[in-house]
Every structure is written in C-alpha cells, then in structure tokens.
Amino acid sequence: MRMSKWIMVIWLAASVWVLAANSPAPNSAAEAQDAAAPAGQKKTAAAKQAPEAEAGAESKVASKPRKRSLKHQRDPFVSPIVKRKGGGVKCTGTGRQCLFAGDLVLQGVVKHAGGYIAVVASGQHTYFLRDEDPLADGKVERISGDSIVLQQRSSDVFGRPVERKITKKLKNPAV
C-alpha cells in the first residue's frame, strides 16, 4: 500500500510539471498572480497595473526574457579558415611592380645625390629600386649602404591582413 502512494505522488508531480512546461509563461508579475488565483478572484485591468507601478522598473526588467544577440557570434558550420584562391597576388605586367619581396636578392647598393638605389635580382632579371617603390606584395621601405628593408603585405589563414618587414643584406659589402 505504501508503494502505491509513492507512485501516485510521483505521477501527480510529473503531470503538474508537464502542464507547467507546456503552458505559456506569464509576461508580468500581475499575470502570474492571475494565473495562480482562482477563477472568481481575477483582478481588473486597473488593479493589474498598480502593483507593477509600485514594483518599479526592476521588476519589469526581471520579468522580460533576455534576448541573445547573434550579431557577433560566428556560424559553427562555416570554417573560419579562408581558402586562398590562386596562391596570392597575380601580376599581369612586367617590371618592378611584379616583384615579390621574398624572391629578391640584393646584388648591390649605389649612392647618389638623392639617396640610395638598390640593385636587386629576381630570377634572370636585374632591377633598380628606390625608396617607396611599389612591389607586387608590398613596397620598398628604405635603403641603406648595405641593406634594403621591404614591407610585405599578406594575409594569415583567417584572412586578416598581415604586414611584415623583410631586411635583405649584401653578402659581400664593399669596404
């Protein structure tokens, strides 16, 4: 007999829980009181607003469900790693605008009245570079008596732009 009472109590608790989960949640504390009150004791609309005014703004904020902003959340089904198309910068012309900073070899440096000129080789061709000359993936930052500093622009695996400085030195500097 005792076991049947426990089963009945568990069954009643489960059915109340299911009914509470399926019923819509009240929007305010006044509606929650109306839902708990018997049918004959429902409050009027004016009486419903009075407790809310007394409770203040804190109860209004606490009773509203929080909405989560999905604006700054990434899609879990999209890879954050960007696939590179074609392996980077493609150059259609010829000349120093199509030189890549990593491919250059510094052959020499010439001093003249306006500064320095770097003599660089890329493959079979030789080029003369000055300060601020553009390259395919960057620019010439500065030239000194025995080195050249190049600024290279690229992107990391996430697609964010990355800038780095490459310094090329002469192998056999003149004394």
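Residues numbered from 1 in each chain as written. Predicted model: local features only at pLDDT ≥ 70, side-chain atom pairs only at ≥ 80, totals over all residues. Heavy atoms only, no water.

**Student:** Hey, could you run me through the side chain of Glu141 in this one?
**Tutor:** Assignment of secondary structure puts Glu141 in strand β5 (residues 138-143). Ignoring sequence-local partners within four residues, the contact set of Glu141 consists of Asp131, Glu132, Val149, Leu150, Gln151 and Lys165. (Helix = DSSP H or I, 4+ residues; strand = E, 2+ residues; numbered from the N terminus. Contact = heavy atoms within 4.5 Å.)

**Student:** For this particular structure, what's the right way to read unusual backbone geometry?
**Tutor:** Excluding glycine, residues mostly carry a negative phi; peptide bonds, for their part, are mostly trans. Located in the positive-phi region is Glu132, a residue other than glycine, with phi close to 70°. Note that Glu132 resides in the loop between β3 (125-129) and β4 (134-135).

**Student:** Explain a nonpolar patch on the surface to me, please; I cannot follow it from the model alone.
**Tutor:** A contiguous nonpolar surface patch, about 470 Å² in accessible area, is contributed by Met3, Trp6, Ile7 and Val9. With respect to the element layout, Trp6 can be found in helix α1 (residues 2-22). (Patch = residues over 30% accessible without salt bridge, like charges linked within 9 Å, V, L, I, M, F, W, Y side chains within 5 Å. Areas by Shrake-Rupley, 256 points an atom, 1.4 Å probe, with all protein chains shown as cover. Salt bridge = Lys/Arg side-chain N within 4 Å of Asp/Glu carboxyl O.)

**Student:** Please clarify how the pattern of salt bridges should be interpreted in this entry.
**Tutor:** A side chain with one charge can pair with a side chain of the opposite charge if their charged atoms come near. One pass over the structure, following the stated rule, counts five salt bridges. Among the ionic pairs, Lys139 bridges to Glu132, the shortest N-O distance being 3.1 Å. Lys139 gets classed as partly exposed once you look at its relative accessible area, which sits at 26%. Here Lys165 and Glu141 are joined by a salt bridge, their closest N and O atoms 2.8 Å apart. Of this pair, Lys165 sits in strand β7 (residues 161-169) while Glu141 is found in strand β5, placing the two residues 24 residues apart along the sequence. Each of Glu141, Arg142 and Lys165 takes part in salt bridges that share partners, so that together they form one network. (Buried < 20%, exposed > 50% of the residue type's maximum accessible area, 1.4 Å probe, protein only.)

**Student:** How do you make sense of the side chain of Lys168 when you look at a structure like this?
**Tutor:** Its place among the elements puts Lys168 in strand β7. The buried charged residue Lys168 lacks any salt bridge partner; its closest oppositely charged side chain belongs to Asp103, at an N-O distance of 7.3 Å. A polar contact of 3.0 Å, which involves the side chain of Lys168, links it to the backbone oxygen of Leu104. Setting aside residues no more than four positions away along its own chain, Lys168 makes contact with Ala101, Gly102, Leu104, Leu106, Asp146, Ser147, Ile148 and Leu150. (Lys, Arg positive; Asp, Glu negative; His and termini not counted. Polar contact = N/O pair within 3.5 Å; in protein donor to acceptor, adjacent residues only side chain to side chain.)

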